[in-house]
Amino acid sequence: MNQIEQLSVNTIRVLSAEAVQKANSGHPGLPLGAAPMAYTLWAKQLKHNPHNPNWVNRDRFVLSAGHGSMLLYSLLHLFGYGLTIDDLMNFRQFGSKTPGHPEYGHTVGVETTTGPLGQGIATAVGMALAEKYLAAHFNRPNYNIVDHYTFVLAGDGCMMEGISSEAASLAGTLKLGKLIVLYDSNNISIEGQTDIAFTENVGKRFEAFHWQVLTVEDGNDIDAINKAIEEAKKETERPTLIEIKTQIGYGVPAKQGKASAHGEPLGADNITAMKEFLGWDADEEFHVPSAVRNHMNEIIEKGKKEEEAWNELWNSYKEAYPDLAKEWEIWNDKNLAARLIDDKELWSLGGKMATRQSSGKVINYLAKVLPNLIGGSADLAPSNKTYMDGRGDFSAENPTGSNLHFGVREHAMGAILNGMKLHGGLIVFGGTFFVFSDYMKDSMRLSALMNLPVIYVLTHDSIGVGEDGPTHQPIEHLAALRSMPNLNVFRPADAKETVAGWYSALTSGKPTALILTRQDLPDLGTDGKDALRGAYILKDSENPDIILMATGSEVHLISEAADVLKTKGIHARVISMPSWEIFEEQSEEYKAKLLPKHIRKRLAVEAASSFGWHKYLGLDGKMISIDTFGASGPADTLFKHFGFTVENIVKTVEDMMKE
C-alpha cells in the first residue's frame with residue numbers, strides 16, 4: 001500500500017468514526033475494518049461514473065452489511081456522488097441524506113436499501129441474474145453492451161441469515177460468474193465472538209454452492225485484495241466469495257477486535273487514540289486531505305472515460321444492430337404497459353375459472369406483448385400458473401429463457417425479484433402459495449420501501465385450498481399485507497378483475513400482491529375496468545337498505561344473496577372491493593358515493609381474518625369472516641361450515657334488518 005492509498009483508507013476510517021461519534025449513534029466497527037477492501041474495490045476495480053450514477057453499464061455495489069452505512073457514505077462523498085461534508089455531519093439525523101441504513105432512492109449512489117442482514121446478498125443475486133439475462137439477449141460479437149459486475153460487501157451476520165444461503169445456492173446453480181462477494185470476516189457480532197452460535201466453515205459451504213472461494217488473510221493488504229478481485233473476474237462459470245480476514249474497529253486500541261466496536265460510538269478518547277494510531281495529524285474534524293481530493297478526482301475522471309467509451313460502443317451498436325437497439329429502447333420504456341388499457345384482446349378474457357387460471361392466461365398473453373417480462377415461481381409454477389409458454393427456461397445453459405425456477409426458496413425469490421427490478425430493463429414477477437408469503441415478507445417489505453413495482457402472484461388464497469388443511473390455508477395474511485405501507489393488495493373476483501389486477505400491477509409504480517383462488521369462480525359480467533378504482537358498485541338499487549361488500553371468491557356470493565334479498569323486499573348495494581389501497585387513493589367524492597354515511601347497515605364477507613374491515617363497516621356493520629385457523633376437508637364443505645354461503649348471508653342480513 002503506497003502513501004496516498006494509505007491516506008485515502010484512513011480518510012474513510014476517520015470520516016466514518018467521526019460521523020458516528022457526532023451522531024452519538026451508529027456502527028463504527030465495520031467501516032474501520034473494511035475500509036481497505038472498500039477503497040480497493042472502488043478505486044481500482046469498480047466501473048462507475050459519479051457524474052452519471054444511473055449509467056446502465058455500471059458495476060453495482062451492494063453494502064449487504066447495511067449497518068456499516070457510514071462506510072458507504074464516506075465512499076460516496078470522496079468519490080463525488082454529491083454527498084457533502086455537511087451530509088456526513090448530519091448522519092442519522094431526521095431528514096438527512098445519510099440515514100442509519102442505506103436507502104435506495106433517498107441517497108444518490110445507493111443501489112438498494114439494506115440493513116436486514118442477508119437481503120443485500122440475495123438482492124445482488126437478482127442484479128447479477130438480470131445482467132446475465134440482458135447480456136444473453138442483446139450482446140453480439142465485439143458488442144458487449146451489457147457487461148458489468150455485481151459486487152457485495154457482506155459480514156458474518158449476512159452469512160448467518162438463511163436468505164443468503166438460499167440465494168447463494170441458486171446463484172451457484174445458475175453460474176452467475178459476474179457476482180463477487182467480499183466477505184468481511186471478523187468473527188464478531190453484537191453478542192461477542194461468532195463461535196457462540198456460528199462455527200461452520202463458510203468457505204466450504206460456498207464451495208458446496210458451486211462458488212469459487214478465495215481468501216485474503218490480511219484485510220489491510222490492498223495488493224492482495226486487488227489480486228483476489230482480479231482473479232474473481234477471470235472466473236466466468238462461478239460466482240466468487242472472497243473471504244477477507246479483518247479486525248472490527250481496526251485502529252482503536254481499546255476496541256479493536258471486540259464486540260463493543262460494533263454498534264456504539266467510540267467515544268472522544270478513543271477517537272483521539274485512533275488518530276494517533278493511524279498517524280492522522282489533522283486537528284479539525286471531518287477533514288479530507290487535499291492529496292486525497294486530488295487522488296479521488298483522478299479516479300472519477302477514469303470512470304467518466306469508461307462511460308464515454310461505452311457510449312461510443314452503443315452508437316456503433318445502433319448502426320450495426322438497429323433492430324436490437326430499438327428493442328433495447330422498448331425494454332426500457334416505462335410506459336410500455338400503460339398502452340394495454342386499450343388492448344381489446346387482453347380485456348376480452350372471461351368465463352368461469354379460478355383466478356389463478358385467469359392470471360395464467362393473462363401472463364401468457366402479456367408474454368407476447370411485453371418482451372421484457374420475466375418471472376417464475378418457488379417450485380410451484382404448475383399450481384401458480386406462472387409458466388410462460390414458448391419463452392424458455394432460464395438456466396446456466398440457456399440464459400435467454402424467461403421462465404425462472406427459484407426452487408423452494410420464497411425469501412430469496414422476493415429479494416432476487418427486487419434485485420432484477422433495481423437493475424433495470426425488466427418487468428418481473430414471482431409466485432408462490434399465499435400462505436407462504438410469510439417466508440418472503442421482509443423482501444416484500446423492501447419492495448414497498450423502495451417503491452419497486454415487483455409483482456407477487458399469490459395463489460390458493462383461502463380455505464378454498466381444501467384438503468391441504470390449515471397449514472396451507474391463509475387466514476391472517478390479507479390483513480398482514482394490507483397493513484404494509486405502499487403495497488397494493490389486489491384480490492380479484494373473476495377473470496376480468498384479474499386482468500384489471502395485472503394492469504394495475506404493471507402501471508401503478510409500486511409493488512402489487514395478486515391474491516388468487518384455487519377454485520373456479522363465475523364471471524360477474526363486467527368489463528373489469530371499474531376494478532381499477534379498487535372498489536365499485538356491482539349491483540345497486542335506488543334506495544339500498546344495506547351495503548354488501550366482499551373481495552375475491554366471496555363477491556359472487558353476496559351478488560347472489562342480493563338477488564334473494566330482493567325477493568324478500570330487502571334492497572342491497574353490492575360492492576366488489578378487490579383493492580383497499582387503490583380505493584383509498586380515489587377522491588373523497590367517489591368513496592362517499594360508494595359508502596354513503598347514511599347507510600349504516602353494512603355487511604362484509606371475506607374468507608379471511610376480519611381485522612381491518614371495521615373502517616368500512618362502521619359501528620353498525622357486521623362481518624362474515626374467519627378468525628380461527630381453517631380445517632382439512634373439501635373446499636365446498638369448508639365454505640359451508642364457516643358460513644360462506646348465500647343462505648347464511650341472507651339470514652345474517654335479515655337478522656340485521658330486525659335490529
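Residues numbered from 1 in each chain as written. Predicted model: local features only at pLDDT ≥ 70, side-chain atom pairs only at ≥ 80, totals over all residues. Heavy atoms only, no water.

## So, the overall build of the protein chain
Broken down by element type, the protein chain carries 25 helices and 20 strands. Here the protein chain has a C-alpha radius of gyration of 28 Å; the compact-globule value for 659 residues is 26 Å, and the two agree. When the backbone C-alpha atoms are referred to their principal axes, the protein chain occupies close to 90 × 60 × 45 Å. Buried positions account for 61% of the 659 residues belonging to the protein chain. The centroid of the 63 positive side-chain charges in the protein chain is displaced by 5 Å from the centroid of its 83 negative side-chain charges. (Helix = DSSP H or I, 4+ residues; strand = E, 2+ residues; numbered from the N terminus. Rg over C-alpha atoms; globule rule 2.2 N^0.38 Å. Buried < 20%, exposed > 50% of the residue type's maximum accessible area, 1.4 Å probe, protein only. Lys, Arg positive; Asp, Glu negative; His and termini not counted. Charge placed at Lys NZ, Arg CZ, Asp CG, Glu CD.)

## Examining helix H5 (residues 119-138)
If you check H5, its first and last C-alpha atoms are 29 Å apart, about what 20 residues at 1.5 Å a residue would give, namely 28 Å. Counting buried residues in H5 gives 18 out of 20 residues, a clear majority hidden from the surface. (Expected span 1.5 Å × (residues − 1).)

## Points about the sheet that holds strand S3 (residues 179-185)
What the five strands build is an open sheet, ordered S1-S2-S3-S7-S6; its pairing is parallel. This sheet does not close on itself; its edge strands, each paired only once, are strand S1 (60-63) and strand S6 (212-216). Across the sheet, the mean angle separating the axes of adjacent strands is 20° when strand polarity is ignored. When S6 meets strand S7 (residues 240-245), the two strands line up parallel, connected through five bridges. Residue pairing across strands places Gln212 opposite Thr240, the latter belonging to S7. Seen against the sheet, helix H2 (residues 29-45) touches S1, strand S2 (150-155), S3 and S7 and runs at an angle of roughly 155° to S3. (Pairing = 2+ DSSP bridges. Axes fitted to C-alpha atoms, helices over the stretch in contact; angles between N-to-C directions. Contact = heavy atoms within 4.5 Å.)

## Brief notes about helix H14 (residues 355-369)
Here H14 contains 15 residues, and its C-alpha end-to-end distance of 21 Å stays within 8% of the 21 Å for a straight helix at 1.5 Å per residue. Of all 15 residues that make up H14, 11 are buried, and the element is covered over most of its length. Here H14 has its buried residues at Thr355, Arg356, Ser358, Ser359, Gly360, Val362, Ile363, Asn364, Tyr365, Leu366 and Ala367.

## Digging into the UniProt feature "domain: Transketolase-like pyrimidine-binding" (unreviewed entry) in the protein chain
UniProt records the feature "domain: Transketolase-like pyrimidine-binding" (unreviewed entry) for residues 353-523 in the present numbering. Spanning residues 353-523, this segment combines 36% helix with 18% strand, and its end C-alpha atoms are found 8 Å apart. (UniProt positions renumbered as here; feature names shortened; annotations may be inferred.)

## Section: the layout of surface pockets
Computed from the structure, the largest pocket encloses a volume of approximately 1,100 Å³. Taken together, 49 residues line the largest pocket, and the ones lying closest to its centre are Tyr104, Lys334, Lys421, Leu422 and Gly424. Within the residue set of the lining of the largest pocket, elements represented by two or more residues are S1, helix H12 (322-331), helix H16 (410-423) and helix H19 (495-507). Split by residue class, the lining of the largest pocket holds 26 nonpolar, 16 polar and seven charged. (1 Å grid on protein atoms, 1.4 Å probe; cavity = no way out; pocket = protein on both sides within 12 Å on 5 of 7 lines; lining within 4 Å. Points joined across faces, edges and corners; volume = space filled by probe spheres on them. Nonpolar A, V, L, I, M, F, W, Y, C, P; charged D, E, K, R; others polar.)

## A look at the sheet that holds strand S20 (residues 622-624)
Strand order across the open sheet formed by five strands is S16-S18-S17-S19-S20, with mixed pairing between neighbours. In this open sheet, the two strands that pair with only one neighbour each are strand S16 (536-539) and S20. Neighbouring strand axes in the sheet, compared pairwise and without regard to direction, differ in orientation by 30° on average. As defined by bridge partners, strand S17 (residues 546-550) adjoins strand S18 (residues 572-576) across five bridges and the pair is classed as parallel.

## Observations concerning the nonpolar core
Among the nonpolar cores identified, the biggest contains 80 residues, and Trp502, Met549 and Phe644 are the most heavily contacted of them. Looking at which element gives the most residues to this core, the answer is H19, with seven residues. Residues lining this core come from more than one domain, with at least three contributed by each of domain 2 (336-515) and domain 3 (531-658). Look past the residues within four positions of Met549 in its chain and what remains in contact with it is Ile558, Ile575, Met577, Leu595, Arg602, Leu603, Ala604, Val605, Trp613, Tyr616 and Leu617. (Core = buried A, V, L, I, M, F, W, Y, C linked by side-chain atoms within 4.5 Å. Domains from an automatic or database assignment.)

## Focus on the domain arrangement of the protein chain
By the assigned domains, the protein chain splits into domain 1 (3-303), domain 2 (336-515) and domain 3 (531-658). Taking only C-alpha atoms into account, the centre of domain 1 sits 52 Å from that of domain 3.

## So, the environment of Gln6
Relative to the helices and strands, Gln6 is located in helix H1 (residues 3-23). Remark: the alpha-carbon pair of Gln6 and Tyr39, spanning 33 residues in sequence, is separated by 9.7 Å. Among all residues touching Gln6, those that are not within four sequence positions of it are Met1 and Arg13.

## Quick word on the UniProt feature "binding site: substrate" (unreviewed entry) in the protein chain
Following the UniProt record, one finds the feature "binding site: substrate" (unreviewed entry) at His27, His262, Arg356, Ser383, His460, Asp468, His472 and Arg518. A maximum C-alpha distance of 48.3 Å is found for the annotated residues, which run over 492 residues; spatially they are spread out rather than grouped. Position of His262 among the secondary structure elements: in the loop between S7 and helix H10 (268-278). Leaving out residues up to four positions away in the same chain, His262 has contacts with Gly26, His27, Pro28, Gly29, His67, Ile190 and Ile248. Look past the residues within four positions of Arg518 in its chain and what remains in contact with it is Ala354, Arg356, His460, Gly464, Val465, Gly466 and Glu467.

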